[in-house]
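Here is what each chain is made of, one letter per residue.
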Amino acid sequence: LNYDVFGAVTGALGLFGILQMLYVIILSQLPSCWQKSLDDILNETESLWREALEEGLFVGSGYVEATGIKLSAFRHEVSDLRAETHCATSSMQQFRAMLCGLSLRICLAYRRIKISRAEISSTTAQERRRLLSEGR
């Protein structure tokens, strides 16, 4: 038998490297990882909104009510997603939840909140500029 030891060793190391990379990719997509990011962006968005309200930028504006309703809906959705994430306590349950779409739902909620945060930020900046030009 002619056996290539070097080829077998490098092949095994390559396979190990690929499996390790797949493991890291799967871990990064588990609902618990996404949930942390979702909680962070929701807290940041709500903080940005509170600052704008404390500055009195949108007094008497329908934007305040509409944004408040949107943030409240986000808060409820994030709470429901967090409950589902917390129910998956083991790695296998996390993996199963990911395959059933929980990570995707968390990711989509993250994107919607991120868009809302950008909207709040740009609208706040516009309102500040408007008030500054009016001399308030």
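Right above here is the structure, for reference.
Sequence positions are assigned chain by chain, starting from 1 and proceeding in written order. The predicted origin of the model limits local features to residues at a pLDDT of at least 70 and limits the giving and counting of side-chain atom pairs to 80 or more, whereas totals for whole chains, interfaces and linings rest on all residues. Water and hydrogen atoms were dropped before computing side-chain values, which therefore reflect all heavy atoms in the structure.

Engineer: Could you give an account of the pattern of salt bridges, naming the residues involved and the relevant values?
Structural biologist: We define a salt bridge as a contact between a side-chain nitrogen of Lys or Arg and a carboxyl oxygen of Asp or Glu at a distance within 4 Å. Per the counting criterion, the structure on display carries nine salt bridges. The salt bridge involving R112 is made with E77; its shortest N-O contact spans 2.3 Å. Taken together, the residues span a long stretch of sequence, with R112 in helix 5 (residues 102-133) and E77 in helix 3 (residues 62-87) at a distance of 35 residues. A 1.4 Å probe rolled over the protein chains alone gives each residue an accessible area, and that area as a share of the maximum for its type sets the label: buried under 20%, exposed over 50%, partly exposed in between. By relative accessible area, which is 26% here, E77 ends up partly exposed. The helix count covers DSSP runs of H or I at least four residues long, the strand count covers runs of E at least two residues long, and both are numbered beginning at the N terminus.

Engineer: Kindly report on the packing of helix 3 against helix 5, identifying the contributing residues and their values.
Structural biologist: Closest axis-to-axis distance for the helix 3/helix 5 pair is 11 Å, and the angle between their directions is 155°. Taken together, the axes of helix 3 and helix 5 are roughly antiparallel relative to one another. When you trace helix 3 past helix 5, the crossing you get is left-handed. Residues Y63, T67, K70, L71, F74, E77, V78, L81, E84 and T85 of helix 3 lie in contact with helix 5, whose contacting residues are L102, R105, I106, A109, R112, I113, S116, E119, I120 and T123. The axes used here are C-alpha line fits, helices contributing only the stretch in contact, and every angle between their N-to-C directions lies in the interval 0 to 180 degrees. Any angle between 65 and 115 degrees counts as roughly perpendicular, while under 35 counts as roughly parallel, over 145 as roughly antiparallel, and the rest as oblique. Crossing handedness is read from the near helix: turned anticlockwise from the far helix by less than a right angle, it gives a left-handed crossing, and turned clockwise, a right-handed one. The contact criterion used throughout is that any non-hydrogen atoms of two residues lie within 4.5 Å.

Engineer: Requested: an account of the packing of aromatic side chains, with residues and values cited.
Structural biologist: When the centres of two rings from Phe, Tyr and Trp lie within 6.5 Å, Trp using its six-membered ring, the rings pair. Their planes under 30 degrees apart give stacked, over 60 give edge-to-face, and anything left gives tilted. For the structure on display, the rule yields four aromatic pairs. Ring centres of W49 and Y63 lie 5.7 Å apart, and the angle between their planes is 75°; on these two criteria the pair is classed as edge-to-face. One end of the pair, W49, is in helix 2 (residues 31-54); the other, Y63, is in helix 3, and 14 residues separate them in sequence. Judged by its relative accessible area of 6%, W49 is buried. Y63 gets classed as buried once you look at its relative accessible area, which sits at 18%. With a centroid separation of 5.0 Å and 50° between ring planes, the pair formed by F58 and Y63 is classed as tilted. You can call F58 buried: its relative accessible area is 7%.

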